[in-house]
Every structure is written in structure tokens, then in C-alpha cells.
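# Remarks on the overall topology
Each chain, letter by letter, is given below.
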Amino acid sequence: MSMAQSRRDFLGMVFGGFAAAGGLAALYAMKRTWDPLPSVMAAGFTTVDLSPMKEGELRTVTWRGKPIFILKKPPEENCNHLPDETKKRLVKIGDSEYLVMIGLCTHLGCIPTWEPEKKIFHCACHGGEYDACGVNTFGPPPRPMDIPPFKIEGTKLVLGEEGPEYKKLVGKA
Amino acid sequence: MAHFTKANSVYEWLDQRLALTKLWKVLAAEYWVPKNINFLWAMGVVLMTMFTILVISGIFLLMYYKPDTKLAFDSVNYTIMQEVWYGWLWRHMHAVAASVVFLVIYIHMLTGIYYASYKRGREMIWISGMLLFVTFSAEAFSGYMLPWGQMSYWAAQVITNLFGGIPFIGDDLVIWIRGNFYVSDPTLTRFFMLHVFLMPIIIMMLIGFHFYSLRIPHVNNQEGEEIDFDAEAEKYKAGLKKESKVIPFWPVFISKDLFVLGVFMIFYFYLVFYHYDFAMDPINFDPANPMKTPPHIYPEWYFLWSYEVLRGFFFNVGPLSAMDMGLIAFGIANIIFFFLPWFDKNDEVAPAAKRGGFFIWFWLLVADMIVLTIWGKLPPTGFNAYIGYVAAVGFLALFAALPAVTARKKGLLSLVILVTLALYIAGYLEYTKALGNGIVIIALFAIFYLLFFLNPVFVKNRGGAQ
Ligand code: FES
């Protein structure tokens with residue numbers, strides 16, 4: 001290889017290296033630009049006072065643009081019929097037990113409706129069904145409705161923060 | 001520098017600098033098209049016209065549209081529809097064109113399949129066409145979000161959620177695509193950008209590429225005859241117009257094209273003025289509400305067949321959930337047409353009517369896609385769920401069978417049919433809950449997918465007419 005040739009190769013490599021580094025930096029910037037904004041991320045907390053709720057009542061609150069179902073359970077309904085991993089879906093707040101979950105169908109994200117007479121959640125989109133503990137019993141939904149991260153402060157529920165009760169519930173602690 | 005002499009006319013002056021005469025010859029006056037083709041070959045020009053209409057009507061809508069979740073709905077339904085002079089016209093033209101463009105795309109695609117215009121050197125035409133189908137789909141989907149009605153919102157919610165099915169990165173990917181935890185303002189603005197800028201640019205480049213890919217293999221014809229285009233063109237230029245098998249694009253072919261286009265435009269403007277409602281779902285005239293799902297969510301008609309493939313699987317099979325299977329089938333359905341030239345094991349270029357089993361295959365495909373489209377719109381309850389399953393499995397089975405059909409391997413074909421029928425029976429038992437998630441059904445699916453993926457690789461090419 002002649003002197004000139006290797007010099008040209010070297011210049012080519014330097015140029016290519018610079019171009020690649022610049023390209024990667026640009027790609028990173030583009031990816032970041034599509035990321036959710038800090039203000040969006042920060043607006044992710046909701047506090048609900050549960051003390052005025054009645055037994056058997058379902059309340060829907062909004063958290064991060066998603067509906068959250070809160071169902072105050074009568075004492076006889078303890079979800080104990082469920083297999084072990086899903087048994088502990090109830091949270092104790094004050095002296096009552098609540099079911100707290102994201103009210104979006106785990107299939108493709110429609111909002112299931114609570115049918116109190118039948119005690120099921122029914123998703124109209126593709127016919128999925130969940131029992132009164134939020135566990136999928138029929139149709140395409142692949143898993144029970146998800147539990148949102150929460151923290152308990154007295155009789156208040158703070159959505160968006162991972163408290164010890166939440167960690168216990170999802171088996172993180 | 002080239003040598004320039006004094007020009008005697010404006011045209012000559014331009015011709016010296018831009019070679020207009022030569023350009024026109026290459027693009028039109030000496031671009032040769034076979035004589036032996038029917039009205040189905042005019043769909044390209046129809047599509048080009050529809051795309052132009054979409055761009056022009058889109059420009060006028062863009063002057064008043066506001067990509068903001070608080071303003072979008074009113075800017076469309078109040079400002080454009082009621083205040084802007086002829087705003088309703090642009091909107092109806094845009095919406096109807098977006099819908100019928102898919103009708104013509106499907107006709108164009110099925111014509112290509114029927115006449116085997118995707119093989120023997122024409123693979124790149126087929127692939128660039130399929131890329132156009134995908135980009136048009138993205139364009140239609142992003143555009144449907146803009147009026148920010150209930151259907152815009154929930155279709156966006158459901159479709160973006162599909163990405164959550166991708167292993168490991170799914171959940172983060174969905175948030176990244178939306179720019180928020182749910183479909184909201186950042187989602188609208190980024191899809192607005194895609195709809196009015198990025199997608200149209202890509203589509204225009206792909207159209208150029210699609211045309212270019214036609215230059216070397218040339219347009220196919222009704223009999224699949226191999227034509228020596230140079231020799232036939234010489235004949236034509238020598239005045240033997242009757243004997244020649246080709247005609248120039250301009251002015252001969254285009255006159256036929258323009259006639260078909262004329263008929264089509266009557267149909268199009270009839271829809272624009274009298275039946276625009278078919279392209280505008282009434283549910284979309286309710287403003288988007290993240291807290292209220294419409295009772296029944298469905299996409300526009302042209303996505304229904306693949307949507308039904310997604311919904312078709314209603315029971316879990318061992319470790320695979322109904323949703324995973326639906327997603328896999330949906331993924332396959334969306335890319336499988338790209339591979340048509342390789343699933344078809346016969347080299348012969350001829351209309352389906354002259355290719356035996358392929359003729360039946362073609363019409364079964366059309367029938368299955370029609371069933372999928374109809375059932376895609378129905379609520380998937382009761383027996384509808386089972387019909388959806390049959391049609392969805394049938395769609396995959398057709399592609400699993402294609403190599404065997406085209407290579408005339410009777411044994412293999414019987415095997416595919418047998419496994420498919422067994423899947424139908426197993427699905428029916430599952431539907432009536434007579435069968436648990438048995439090992440049988442897992443084995444059946446395993447064999448089915450094995451046939452699907454291995455067939456095109458191992459079946460040998462037969463080639464030629466026998
Ligand atoms: S989104 Fe609920 S069943 Fe599909």
C-alpha cells in the first residue's frame with residue numbers, strides 16, 4: 001500500500017468516525033424529543049379520600065389520564081377463592097378492604113363497565129369479562145386488571161407513589 | 001461546458017438547458033405499455049389522482065385545522081365545516097378520498113396477484129407497492145386521529161396499545177410513542193406532524209421508486225406474455241402500429257386511462273356529494289373523552305380484515321394467551337403479502353384462471369378477506385367469535401398452503417388442509433368449552449406454524465406450465 005493510499009484511508013476513517021458520532025448524537029436527541037416532557041411526568045400523582053365511600057360502591061378516579069377503579073368490598077367478599085398469586089388483591093385502608101386497580105382492559109385498553117347485579121366487569125370492545133376481584137374470567141384479556149402504584153396516608157390513597165402496602169401487594173418487598 | 005447556440009423560441013431555449021424533448025420521450029411519449037391489458041391496469045393513474053386530491057384538499061384543511069386537544073374538534077366541526085367557505089367540500093373530499101383510495105389499492109393489489117405481476121423480475125414493483133400500502137395505512141391512521149372525536153381517540157388508544165405486546169420494551173414504548181401515559185396533546189401534535197409532513201414525503205418518494213421499478217421489467221399484460229419491448233417499440237415507430245404489441249404511454253395509453261379515471265371520478269364525486277357519511281363515523285362527532293369508551297370500537301373499513309385477524313383468537317393455548325396469538329397472527333398478516341413472490345413457487349407468469357389450483361386459492365383469499373372485513377365490524381360476541389377464528393386461521397392457512405398449491409405438491413397440501421380442519425374442530429370444542437387447554441391444541445398450533453414457516457423454504461420450485 002502506498003503512502004498516499006493509507007493516508008486517504010485514514011482520512012476516510014476519521015471522517016466516517018465523526019459522521020457516525022454525529023449521527024448517533026442526532027438519533028439520541030430525536031429519541032429524547034419524543035420522550036414525555038418533565039411536566040407530564042411530574043403531573044402523575046392523585047390523592048383520594050376514601051372515608052365517604054359506602055360498601056359495595058365503585059368509584060372511578062382519574063390518574064395519569066387513566067380511570068382507576070376503587071371498590072369498597074363488603075366484609076364477606078374477600079377474594080379468597082382466587083389462586084394464591086392473585087388472592088392478595090385487596091388493600092386494607094382504615095378498617096375496610098378495598099380493591100384498587102387500573103380500570104383499563106388488559107387486552108387493548110378499553111374501559112370495562114361494572115355490572116353490579118352480576119358482579120362482573122364487562123369490556124364491550126372484545127367481550128372480555130372480569131370477576132368482582134378484577135380477575136379475567138372470559139375472553140381475550142390476558143391477565144387481571146393492573147394495580148397502580150399507591151401509598152396509604154390515613155384514609156387517603158395517593159396514586160403514583162409506591163408505598164409499602166403496594167410493594168407487599170405486588171410482591172416487590 | 002456544453003455548447004449553446006442562439007435559440008429560436010422559448011421552448012428551444014429551455015430544451016437546450018433542460019433537455020425537455022428527451023425527458024418527455026423517456027417519461028411518456030416513448031414509455032411503452034403492452035396493448036393487451038384491460039381497465040384494471042388503469043388503477044395506477046386512478047391512485048395517483050386520488051393522492052393528488054388528498055394533497056390539495058389537505059392543504060386547504062391545514063389552513064384552519066388546529067392541532068391542540070382543546071381546539072382540534074371545533075376547528076374541524078365548527079370552523080371548517082360551518083364557517084370556511086367550501087370547507088365542508090374539502091373535508092368531504094379528503095375523507096372520501098382517504099377511504100376510496102384503499103378500495104383502489106386493494107383492487108390494484110388483487111390485480112397484481114391475479115395476473116402474477118409480482119414475479120420473474122417484477123418483485124421490486126411488488127415490494128415498493130407493498131411499502132406504499134404500509135405508508136398509506138400509517139397516513140390514514142394518523143389522519144383519523146386529527147378530528148379528535150371519540151373514535152379518533154379510542155382507535156388511537158387501541159392501536160398504540162398494540163405496541164405494548166412487544167416483549168420487554170412494550171410498556172415503555174407505548175408511553176414513548178404517545179409522549180404521555182395516555183393518548184393526549186403530545187400524541188396529537190406528533191401524529192399531526194407525521195400526517196402532514198413526514199408520511200406524505202415518504203409516500204411521494206416511494207411513488208417515484210414504484211414508477212422507476214417498472215422501467216426495467218415493464219408492465220405485465222393479460223396473458224402474462226413475455227414481450228420484447230425494444231423490438232415491438234421499433235415496429236410501432238416504423239408505423240406498424242397494428243402489428244406492434246405495445247403502445248406509447250402518451251398519448252395512446254393515457255386516453256384509455258383517462259376514460260377509466262373519468263368513470264371513477266363520477267363515482268367519487270357522487271360519494272363526496274351524496275354519501276360522504278360512509279367515510280365519517282357518527283361516533284366521531286362526539287368529542288374525545290378519555291373517561292368514556294364507546295360501546296364498540298372498530299377501525300375504518302379498510303383495516304377491518306387485519307383487525308379481525310387480531311381479534312380472531314379467543315382462547316389461550318398453554319403458555320400463549322389469546323392476545324399473544326392474536327398479535328402474532330396480526331403481525332404475520334401485516335407483512336405476509338411482502339413475501340408473496342417467495343411463497344408462490346411457480347415461475348409461470350399467467351392469469352390465475354390458467355394456473356389451476358392457484359385460481360381457487362385466489363378466490364378463497366378474496367372470500368376470506370371479505371368475511372374478515374364483515375366480521376371485523378361485528379361485536380365479537382357469541383358465535384361471531386368462532387367465525388372470526390375460522391376466518392383468521394383460514395387467512396394464515398391460505399398462505400401456509402400457497403407453496404404446496406403452486407408447486408403442485410398434493411400430499412403437502414392435504415396436510416395443511418387437515419391440520420387446518422383439526423384446528424377448526426379444536427377451536428369449536430374450545431368455543432363450547434368442551435376442551436380444556438389440551439396438549440392437542442398446542443400440538444396442532446405447533447404443526448400449523450411449522451408448516452407455515454417451513455413450507456416456503458423447503459418446497460422446491462416447479463416452474464413453467466405443465
Ligand atoms: S379491550 Fe377489552 S376485550 Fe379487548
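Residues numbered from 1 in each chain as written. Chains lettered and ligands numbered in written order. Predicted model: local features only at pLDDT ≥ 70, side-chain atom pairs only at ≥ 80, totals over all residues. Heavy atoms only, no water.

Across chain B, the average pLDDT comes to 92, with 97% of residues at or above 70. This complex was scored by the predictor with a pTM of 0.88 and an ipTM of 0.77. (pLDDT = per-residue confidence, 0-100.)

Looking now at the sheet that holds strand E6 (residues 113-115) of chain A. Residue and element names in this part refer to chain A. Across the sheet, four strands lie side by side as E6-E7-E8-E9; this open sheet has antiparallel pairing. Of all the strands in the sheet, just E6 and strand E9 (136-138) have a single pairing partner and so form its edges. Sheet twist, expressed as the average angle between the axes of neighbouring strands with direction ignored, equals 35 degrees. Strand direction decides the pairing type here: E6 and strand E7 (residues 120-122), joined by three bridges, are antiparallel. What sits directly across from Thr 113, in E7, is His 122. (Pairing = 2+ DSSP bridges. Helix = DSSP H or I, 4+ residues; strand = E, 2+ residues; numbered from the N terminus. Axes fitted to C-alpha atoms, helices over the stretch in contact; angles between N-to-C directions.)

Moving on to a nonpolar patch on the surface. The grouping of Leu 62, Met 193, Val 196, Phe 197, Leu 198, Ile 201 and Met 205 of chain B at the surface amounts to a nonpolar patch, some 580 Å² of accessible area in total. It is helix H9 (residues 185-215) of chain B that contributes the most residues to the nonpolar patch, six residues altogether. (Patch = residues over 30% accessible without salt bridge, like charges linked within 9 Å, V, L, I, M, F, W, Y side chains within 5 Å. Areas by Shrake-Rupley, 256 points an atom, 1.4 Å probe, with all protein chains shown as cover. Salt bridge = Lys/Arg side-chain N within 4 Å of Asp/Glu carboxyl O.)

Attention now goes to the interface of chain B and chain A. One frequently used descriptor of interface size is the decrease in accessible area upon assembly of the parts. The interface of chain B with chain A comprises 31 residues on the first partner and 27 residues on the second. Together chain B and chain A conceal approximately 2,500 Å² of surface at their shared face, both sides included; 69% is due to carbon and sulfur atoms. Summed over the shared surface of chain B and chain A, the number is zero salt bridges. For the pair chain B and chain A, the interface holds four residue pairs in polar contact (both at pLDDT 80 or more). Looking at the side of chain B that touches chain A, the elements with two or more residues in it are helix H7 (150-162), helix H8 (170-178), H9, helix H12 (304-311) and helix H13 (322-335) of chain B. Among the elements that line the side of chain B that touches chain A, the one with the most residues is H7 of chain B, at five residues. Residues belonging to the side of chain B that touches chain A are distributed by class as follows: 20 nonpolar, seven polar and four charged. (Contact = heavy atoms within 4.5 Å. Buried area = accessible area lost by both parts, 1.4 Å probe. Polar contact = N/O pair within 3.5 Å; in protein donor to acceptor, adjacent residues only side chain to side chain. Nonpolar A, V, L, I, M, F, W, Y, C, P; charged D, E, K, R; others polar.)

Here we come to unusual backbone geometry. Looking along the chain, the bond that leaves Trp 250 of chain B and enters Pro 251 of chain B is cis, with omega of 0 degrees. With respect to the element layout, Pro 251 of chain B can be found in helix H11 (residues 249-274). For Lys 119 of chain A, which is not glycine, the phi dihedral falls at a positive 55 degrees. Assignment of secondary structure puts Lys 119 of chain A in the loop between E6 and E7. Using a relative accessible area of 40% as the deciding quantity, one classes Lys 119 of chain A as partly exposed. Within the chain, Arg 408 of chain B stands out as a residue other than glycine whose phi angle is a positive 55 degrees. Relative to the elements of secondary structure, Arg 408 of chain B occurs in the loop between helix H16 (383-406) and helix H17 (410-431). Looking at Arg 408 of chain B, the relative accessible area reads 35%, which means it is partly exposed. (Buried < 20%, exposed > 50% of the residue type's maximum accessible area, 1.4 Å probe, protein only.)

Before going further, it helps to spend a moment on the packing of aromatic side chains. All names here are of chain B. Going through the model one piece at a time under the given rule, you end up with 59 aromatic pairs over all chains. An angle of 70 degrees between the planes, with centres 5.8 Å apart, marks the rings of Phe 383 and Tyr 431 as edge-to-face. Here Phe 383, found in helix H16, pairs with Tyr 431, found in helix H17; they are 48 residues apart in sequence, far enough to count as distant. In this structure Phe 383 comes out as partly exposed when scored by relative accessible area, which is 43%. Under the relative-accessibility criterion, Tyr 431 is labelled partly exposed at 26%. (Phe/Tyr/Trp six-rings, centres within 6.5 Å; stacked < 30°, edge-to-face > 60°.)

Okay, helix H18 (residues 439-458) of chain B next. All names here are of chain B. Compared with an ideal rise of 1.5 Å per residue, which puts 20 residues at 28 Å, H18 spans 27 Å between its outermost C-alpha atoms and is within 8% of the ideal. If you look at H18, its biggest bend is around 30 degrees, right at Phe 452, and the proline Pro 456 turns up within four residues after that. Every buried residue belonging to H18 is among Ile 441, Leu 444, Phe 445, Phe 448, Tyr 449, Leu 451, Phe 452, Asn 455 and Pro 456, and all of these are buried. Those residues of H18 that are buried are in contact with H13, helix H14 (340-343), H16 and H17. (Expected span 1.5 Å × (residues − 1). Bend = angle between axes of the 7 residues up to and from the residue.)

With that out of the way, let us pick up the nonpolar core. By size, the foremost hydrophobic cluster in this structure holds 178 residues, and its most contacted members are Tyr 268, Phe 337 and Phe 395 of chain B. For this core, the element with the highest residue contribution is H16 of chain B, accounting for 15 residues. (Core = buried A, V, L, I, M, F, W, Y, C linked by side-chain atoms within 4.5 Å.)

Residue and element names in this part refer to chain A. One open sheet holds the four strands; their spatial order is E2-E3-E5-E4, and the pairing between them is antiparallel. Bordering the open sheet on either side are strand E2 (58-63) and strand E4 (90-93), each of which pairs with just one other strand. If you compare each strand with its neighbour and ignore which way they point, the axes differ by 35 degrees on average. Of the pairings in the sheet, the one linking strand E3 (residues 66-72) to strand E5 (residues 96-102) comprises five bridges and is antiparallel in character. In the sheet register, Leu 71 faces E5, and the bridge partner there is Leu 99.

This part covers the environment of Lys 256 of chain B. Residue and element names in this part refer to chain B. Considering the arrangement of structural elements, one finds Lys 256 in helix H11. Judged by its relative accessible area of 38%, Lys 256 is partly exposed. Linking Lys 256 and Asn 38, residues 218 residues apart in sequence, is a C-alpha distance of 9.3 Å.

Here we come to the packing of helix H15 (residues 357-377) of chain B against H16 of chain B. Residue and element names in this part refer to chain B. It is the contact of H15 with H16, at a shortest axis distance of 10 Å, that shows an interaxial angle of 155 degrees. Considering their axes alone, H15 and H16 lie roughly antiparallel with respect to each other. With respect to the hand of their crossing, H15 and H16 are arranged in left-handed fashion. In this structure, H15 uses Gly 357, Phe 358, Trp 361, Leu 364, Leu 365, Asp 368, Met 369, Val 371, Leu 372 and Trp 375 to contact H16, whose residues at the interface are Asn 384, Ile 387, Ala 391, Ala 392, Gly 394, Phe 395, Leu 398, Phe 399, Leu 402, Val 405 and Thr 406. A breakdown of the residues in the contact of H15 with H16 according to their chemical character gives 16 nonpolar, four polar and one charged. (Parallel < 35°, antiparallel > 145°, perpendicular 65-115°, else oblique. Left-handed = near helix turned anticlockwise from the far one by under 90°.)

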